[in-house]
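One-letter residues, chain by chain:
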Number of protein chains: 2
Amino acid sequence: MNFDFSIPTKVLFGCGKLDELKREKLPGKFALFVSSRGNIIKDLGYYDRLVQILKYQGIEFLEYNEISSNPTKDEIMKAAQYARDNFCDFVIGLGGGSVIDSAKAIAFMARNPGDLWDYIFTGSGKGLPAKNEALPVVAVLTTAGTGTETDQWMVITNTDLNEMIAYGVPSTFPKLSVVDPDLSASMPTFLTAITGFDAFFHAAEGFIAKTSTPISEAFSLQVMRLVSKYLPRAVQNGNDMEARSNISLAGMLSGMIQSTSSCTSLHAIEHGLTCFHPDLHHGAGLLMISESYFNFFAKYVPDRFIKMAHILGATTDDVPEEEKPYVFVQAMTELQKQCGVYHLKMSDYGITIDDMEKMARNAHKTMSNLFAMDRYPLSLKETVDILTKSFR
Amino acid sequence: MNFDFSIPTKVLFGCGKLDELKREKLPGKFALFVSSRGNIIKDLGYYDRLVQILKYQGIEFLEYNEISSNPTKDEIMKAAQYARDNFCDFVIGLGGGSVIDSAKAIAFMARNPGDLWDYIFTGSGKGLPAKNEALPVVAVLTTAGTGTETDQWMVITNTDLNEMIAYGVPSTFPKLSVVDPDLSASMPTFLTAITGFDAFFHAAEGFIAKTSTPISEAFSLQVMRLVSKYLPRAVQNGNDMEARSNISLAGMLSGMIQSTSSCTSLHAIEHGLTCFHPDLHHGAGLLMISESYFNFFAKYVPDRFIKMAHILGATTDDVPEEEKPYVFVQAMTELQKQCGVYHLKMSDYGITIDDMEKMARNAHKTMSNLFAMDRYPLSLKETVDILTKSFR
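A brief structural summary. Computed from a prediction, not measured in an experiment: that's the story for all the values here.

So, the sheet that holds strand β4 (residues 90-95) of chain B
One open sheet holds the twelve strands; their spatial order is β3(A)-β2(A)-β4(A)-β5(A)-β8(A)-β1(A)-β1(B)-β8(B)-β5(B)-β4(B)-β2(B)-β3(B), and the pairing between them is mixed. Edge positions in the open sheet fall to β3 (60-67) of chain A together with β3 (60-67) of chain B, since each of these has one partner strand only. Between one strand axis and the next, the sheet turns through 25° on average, direction left out of account. Sheet analysis places β4(B) next to strand β5 (residues 137-141) of chain B, joined by five bridges and oriented parallel. Its bridge partner being in β5(B), B:Leu94 is matched across the sheet by B:Val140. Against the sheet, helix α4 (residues 97-109) of chain B touches β2 (30-36), β3, β4 and β5 of chain B, its axis set at about 170° to β4(B).

If you want it as structure tokens, here you go:
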């Protein structure tokens, strides 16, 4: 039992909390306001609400609304230059995981010289130490599940290199995050389901990772409990605010898991898919691989798999000892069926069976740090096998 | 489900973690080094180890080692003046709850004008807003249970006024806390038991408080589970480091409960005892009142009491509905017996039955904020009754 704990983010959580931002001290006077490409955020009225709050607080801001759903290094570098040229003193992001991750990356590059890939730890990144702390980040979340609101991580794609890599330093924790489940109520059914499962996988991976701690374990069990209870309800009825609130809570806790434990190679392997297919949502990619991934790891961490099975409400009493860990995988796929996201097909996104080795190699190269968190060291061949078994 | 979350403290947790302080960035160059009166800390060798670390880091420091076990405002004001006159830029505390609380109070008053009681919210305090942020605080803990390492609270006694009051602002969270269970191994049996129960009561009070949140509840249940499993072992064998580590973990989590929920009037009433009897340890005072306190509240929060009973391993299956909540109180007193701290006597500390009303009045006056956290508003008469039933 030996760990460090640090989650320096202040979170305002609850329905209607966005309005409390009026009274909260913001970490600067002149913001870069980051949001996604397109008009969704404006159409939903969230944009205007936040603008009103910033005006009320006397905050001036510039806008950058060119973030794509898997944000690219080029977008980040352009926005960081814009923030620097205009002397912005903090970054505020309004959107889902891609926007908040981008806000962090922009805030970091606005205060550091050179290229983002100079600092990235893995893949072709040079792993240089950060020169300066990032600008302060305020996150206003419109989805639930990525956990970026309570961790330091950002996932950015370098399209030239086909590398989609997670990066973070202590200063890229948001200073302030608003998690208002009301804002997540507009998520379409499919997005609700796949981002909800992103939270679930953070919890399951964090639980079987080498780095799990008593604190991350408590969060992990709670997240899996919440997702199994409330995600089917949130998917079935997007206006069920009790369900939405509990999934927002699960998402927020899942970020805390990433801050107190780590994801494992499931997240790494998924990056191998999405970096070649930026139209594939991260949560969907995770779902595609999850069954064969957890079937593979069940035998290496049996006790923890059995505990996770119980958390999902399954019983292992009458199951032969060696089959008990696999009960978790059955319960998980059952939950995926309930949420309508079992059997998502790679082929629907243009992935072919011939891509398996390329994607596995990419994952090992770009996200080696997450493979190092596994309790069993996954070889390239085993990674290809997991991907191949996942192919449909 | 509506709450704020903020625990900006970084914690280094684990046996041997004190040595890692060598590599940790400290929040200044010139410290006020605060410890308790007497030679215990020096005799145990902790003092020399910390001095070596500070030297290794090139940190200069001045010492203030006049903190009593229930620290007084006069000690704080004197030390704050000393820190200010010498331009100390952070405060490092080495000791138990009283020392760390004092480090926070000194850090606060070193940067704020006037008297500590100008800022105190309740009792005779003037409730002025803080003018400045406190100096950064580093906490090196030698006990386990107060939770001060992960909250903003300090408890200081104004001896002139007989007021023992908790105070805290966001800047009085320690910047960095070292929770090294090795350092707690030197605690005598009685201190182990009563500080362990301090953690237990933070958890139980935080669980029945109005302010409980899904996060604080997860922490509360975990703390009660850990204390019930490991405190009897730590009391029986002070060298059982698995038990010590888990009690240190419970203590750290119990601070997080105070940062995400709140104590209730049990802590308030205890202040009524200790402010008149500074030789009475806070944890012992809590134990003395706990049975009649929880017996009183059982009927007002029955569901939560039943949940707490189950966490302590008790079953309520064959118990009549209206008696189920009281099973928690039985399980709790059973645990107190196992730890040798059931039936502590007020009369052993010079308290007489005639003091009950005076102490109750004092509690209501000085700690009204905690009475406001109860789910049932406790009257003065009911408070006197709880105290009277506790008198032995």
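Read on, since the account is not over.
Brief notes about the relation of the copies chain A and chain B
Superposing chain A onto chain B requires a rotation of 180° together with a translation of 0.0 Å along the rotation axis, leaving an RMSD of 0.0 Å. Taken together, these values place the two copies in the relation of a two-fold axis. When C-alpha positions in chain A are compared against the rotation axis, the closest is assigned to A:Pro8, at 2.1 Å.

With respect to the pairing of strand β6 (residues 154-158) of chain A
Taken residue by residue, a regular strand's side chains alternate between the two faces of the sheet. Residues and elements named next belong to chain A. With respect to burial, β6 is a largely interior element, four of its five residues being buried. Here five bridges tie β6 to strand β7 (residues 163-167), and the two strands are oriented antiparallel to one another. Note that in β7 the partner of Asn158 across the bridge is Glu163. Hairpin connection from β6 to β7: four residues lie between these consecutive antiparallel strands, with Asn162 at a positive phi of about 55°.

Some words on the interface of chain A and chain B
Contacts between the two partners involve 26 residues from chain A and, on the opposite side, 26 residues from chain B. Carbon and sulfur atoms make up 63% of the area that chain A and chain B hide from each other, which totals about 2200 Å². Between chain A and chain B we count two salt bridges in total. Taking the shortest distance from any N to any O, the salt bridge between A:Lys17 and B:Asp4 comes out at 2.7 Å. Here the side of chain A that touches chain B takes twelve residues from strand β1 (residues 3-14) of chain A, the largest share from any one element. In this sheet, strand β1 (residues 2-13) of chain B lies alongside β1(A) in antiparallel orientation, the contact comprising eight bridges. Residue pairing for β1(B): A:Phe5 is matched across the bridge by B:Val11.

Some words on the packing of helix α6 (residues 189-208) of chain A against helix α11 (residues 302-311) of chain A
All names here are of chain A. Close contact between α6 and α11 brings their axes to 10 Å; oriented N to C, the two are set at 145°. Two packed elements cross with a definite hand, and for α6 against α11 that hand is right-handed. Residues Ala204, Phe207 and Ile208 of α6 lie in contact with α11, whose contacting residues are Arg304, Phe305, Lys307 and Met308. Class assignment for the residues of the contact of α6 with α11 results in five nonpolar, no polar and two charged.

Some words on the pattern of salt bridges
Applying the stated rule across the entire model yields 35 salt bridges over all chains. Its salt-bridge partner being B:Glu163, residue B:Lys365 comes within 3.0 Å of it at the nearest N-O pair. Of this pair, B:Lys365 sits in helix α13 (residues 356-366) while B:Glu163 is found in strand β7 (residues 163-167), placing the two residues 202 residues apart along the sequence. Given the relative accessible area of 47%, B:Lys365 is considered partly exposed. Between B:Glu217 and B:Arg304 there is a salt bridge, with the nearest N and O atoms lying 3.2 Å from each other. Pair noted here: B:Glu217 is in helix α7 (residues 214-236) and B:Arg304 is in helix α11 (residues 302-311), with a separation of 87 residues, a long-range link. A residue is classified by how much of its surface remains accessible, and B:Glu217, at 21% relative accessible area, is partly exposed. Shared partners join several salt bridges into a network, and the residues in it are A:Asp4, B:Lys17 and B:Glu20.

What to know about the packing of helix α7 (residues 214-236) of chain A against helix α12 (residues 326-338) of chain A
Residue and element names in this part refer to chain A. Running from amino to carboxyl end, α7 crosses α12 at an angle of 30°, the nearest separation of the two axes being 9 Å. In terms of orientation, α7 lies roughly parallel with respect to α12. The chirality of how α7 crosses α12 is left-handed. Taking contact as the criterion, the partners of Met224, Val227, Ser228 and Pro232 in α7 are, on α12, Phe328, Leu335 and Gln338. When its residues are assigned to classes, the contact of α7 with α12 shows five nonpolar, two polar and no charged.

Here's the deal with the packing of aromatic side chains
Residues and elements named next belong to chain A. Taken as a whole, this structure holds 43 aromatic pairs over all chains when the rule is applied. Taking 5.6 Å as the distance between ring centres and 55° as the angle between the ring planes, the aromatic pair formed by Phe33 and Phe61 counts as tilted. One end of the pair, Phe33, is in strand β2 (residues 30-36); the other, Phe61, is in strand β3, and 28 residues separate them in sequence. By relative accessible area, which is 1% here, Phe33 ends up buried. Cluster of aromatic residues (ring-pair linked, three or more members): Phe197, Phe200, Phe201, Tyr293, Phe294, Phe296, Phe297, Tyr300, Phe305, Phe328 and Tyr376. Cation over ring: Lys337 sits above Tyr342, and NZ or CZ is 4.9 Å from the ring centre.

Considerations on unusual backbone geometry
Backbone geometry places A:His343, a non-glycine residue, at a positive phi of 70°. Among the structural elements, A:His343 can be located in the loop between α12 and α13 (356-366). For B:Phe87, which is not glycine, the phi torsion reads 60° and is therefore positive. Mapping B:Phe87 onto the fold places it in the loop between α3 (73-85) and β4.

Side note on the nonpolar core
In this structure, A:Phe328 and B:Phe328 are the most contacted members of the largest nonpolar core, which totals 232 residues. What B:Phe328 contacts, discounting residues up to four positions off in sequence, is B:Phe200, B:Ala204, B:Met224, B:Phe294, B:Phe305, B:Met308, B:Ala309 and B:Leu312.

Some thoughts on helix α2 (residues 46-56) of chain A
Residue and element names in this part refer to chain A. Among all positions of α2, only Tyr46, Tyr47, Leu50, Val51, Ile53 and Leu54 are buried. Seen end-on, α2 carries its buried residues on one side only, within an arc spanning 160°. Turned more than 90 degrees from where α2 packs its buried face, Gln52, Lys55 and Tyr56 sit exposed. In this structure, the buried side of α2 is in contact with β2, α1 (40-43), β3, β4 (90-95), β5 (137-141) and α5 (181-184).

The rules we used
Residues numbered from 1 in each chain as written. Chains lettered and ligands numbered in written order. Predicted model: local features only at pLDDT ≥ 70, side-chain atom pairs only at ≥ 80, totals over all residues. Heavy atoms only, no water. Pairing = 2+ DSSP bridges. Helix = DSSP H or I, 4+ residues; strand = E, 2+ residues; numbered from the N terminus. Axes fitted to C-alpha atoms, helices over the stretch in contact; angles between N-to-C directions. Contact = heavy atoms within 4.5 Å. Least-squares fit on C-alpha atoms with pLDDT ≥ 70 in both. Buried < 20%, exposed > 50% of the residue type's maximum accessible area, 1.4 Å probe, protein only. Buried area = accessible area lost by both parts, 1.4 Å probe. Salt bridge = Lys/Arg side-chain N within 4 Å of Asp/Glu carboxyl O. Left-handed = near helix turned anticlockwise from the far one by under 90°. Nonpolar A, V, L, I, M, F, W, Y, C, P; charged D, E, K, R; others polar. Parallel < 35°, antiparallel > 145°, perpendicular 65-115°, else oblique. Phe/Tyr/Trp six-rings, centres within 6.5 Å; stacked < 30°, edge-to-face > 60°. Lys NZ or Arg CZ within 6 Å of the ring centre and 35° of its normal. Core = buried A, V, L, I, M, F, W, Y, C linked by side-chain atoms within 4.5 Å. Arc of directions from axis to C-beta.

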